[in-house]
Amino acid sequence: MAIRNIRVMGDEILSKACKPVREMTEKNRELIQDMFDTMYDADGVGLAAPQVGILKRIAVVDVTEDRSQPIVMINPSVVYTEGEQRGSEGCLSVPEKVGIVTRPNIVHVKALDKNMKSVTIKGEGLLARALIHEIEHLDGHLYVEKIEGRLYDVDEFDEDV
C-alpha cells in the first residue's frame with residue numbers, strides 16, 4: 001500500500017482525542033494496511049491513527065522481531081491491568097528520544113479487530129507496554145507526559161538511569 005508521514009511531537013493532532021470507528025470501510029482497511037506498512041518501515045512496534053494524521057480510534061501493534069503477530073485494535077479500551085514494569089520507552093512521533101516510564105506488566109484490552117469482531121487482547125511485558133502506549137495516543141496523550149526524569153537522546157541513553 002503506502003508509507004504515510006508520521007506526525008511528530010508539537011503537531012496539534014497528537015493532542016486530540018480520536019473518534020470511534022462505526023463500520024469497516026474500504027478507506028479504513030486501506031488506513032490499517034498503510035499503518036502497518038508505515039510502522040514496519042520505521043522499525044516501530046506500534047502506531048496509532050493520529051500519528052499519521054487521522055483522528056480515528058485505530059491502532060496497530062506488532063512486537064515480534066519477525067513481524068509475525070500483527071494486532072489491529074479498533075475502539076480499544078483497557079479492561080484489566082496487573083503488576084508493574086519500569087523501563088525505557090520511545091515513540092515514532094518523538095524521534096531519536098527515549099525516557100523511563102512505569103507501566104502495568106499485564107494488560108487486557110477489549111477492542112474490535114479488522115473484521116469489527118469483539119476481541120480481548122492480552123499482553124505482558126513489551127506487548128502490554130505497546131498496547132497501552134498506542135491507546136494513550138488515541139486519547140491525545142504522548143508517553144513524554146509520563147516519563148520519570150528527563151527525555152534522553154537515544155545515543156546518550158544508559159539503561160541504568
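Here the structure is a predicted model, which means the values were calculated and not measured.

Draft legend 1. View of the pairing of strand β5 (residues 94–103). As judged from the six bridges shared by strand β4 (residues 85–91) and β5, these two strands associate in the antiparallel manner. Residue Ser-88 lies in a different strand from β5, and its bridge partner there is Ile-100. Count of turn residues in the β4/β5 antiparallel hairpin: two residues.

Draft legend 2. Broad picture of unusual backbone geometry. With phi around 60°, Arg-67 is a residue other than glycine that occupies positive phi space. Its relative accessible area of 23% is what places Arg-67 among the partly exposed residues. A positive phi angle, near 65°, is found at Met-116, a position not held by glycine. For Met-116, the position within the fold is in the loop between β6 (106–112) and β7 (118–124).

Draft legend 3. Examining helix α2 (residues 126–138) more closely. Here α2 contains 13 residues, and its C-alpha end-to-end distance of 19 Å stays within 8% of the 18 Å for a straight helix at 1.5 Å per residue. Counting buried positions over the 13 residues of α2 gives twelve, a clear majority of the element. When we look at burial in α2, the residues that qualify are Leu-127, Ala-128, Arg-129, Ala-130, Leu-131, Ile-132, His-133, Glu-134, Ile-135, Glu-136, His-137 and Leu-138.

Draft legend 4. Expanded view of the environment of Pro-70. Tracing the backbone through its elements, the reader meets Pro-70 in the loop between β2 (58–61) and β3 (71–82). On the basis of relative accessibility, which here comes to 47%, the residue Pro-70 falls in the partly exposed class. The spacing of Pro-70 and Gly-123 is 53 residues in sequence and 13 Å in space, taken between C-alpha atoms. What Pro-70 contacts, discounting residues up to four positions off in sequence, is Phe-36, Tyr-40, Val-61 and Asp-62.

Calculation notes
- Residues numbered from 1 in each chain as written.
- Predicted model: local features only at pLDDT ≥ 70, side-chain atom pairs only at ≥ 80, totals over all residues.
- Heavy atoms only, no water.
- Pairing = 2+ DSSP bridges.
- Helix = DSSP H or I, 4+ residues; strand = E, 2+ residues; numbered from the N terminus.
- Buried < 20%, exposed > 50% of the residue type's maximum accessible area, 1.4 Å probe, protein only.
- Expected span 1.5 Å × (residues − 1).
- Contact = heavy atoms within 4.5 Å.

By themselves, these observations are geometric and do not establish any function.
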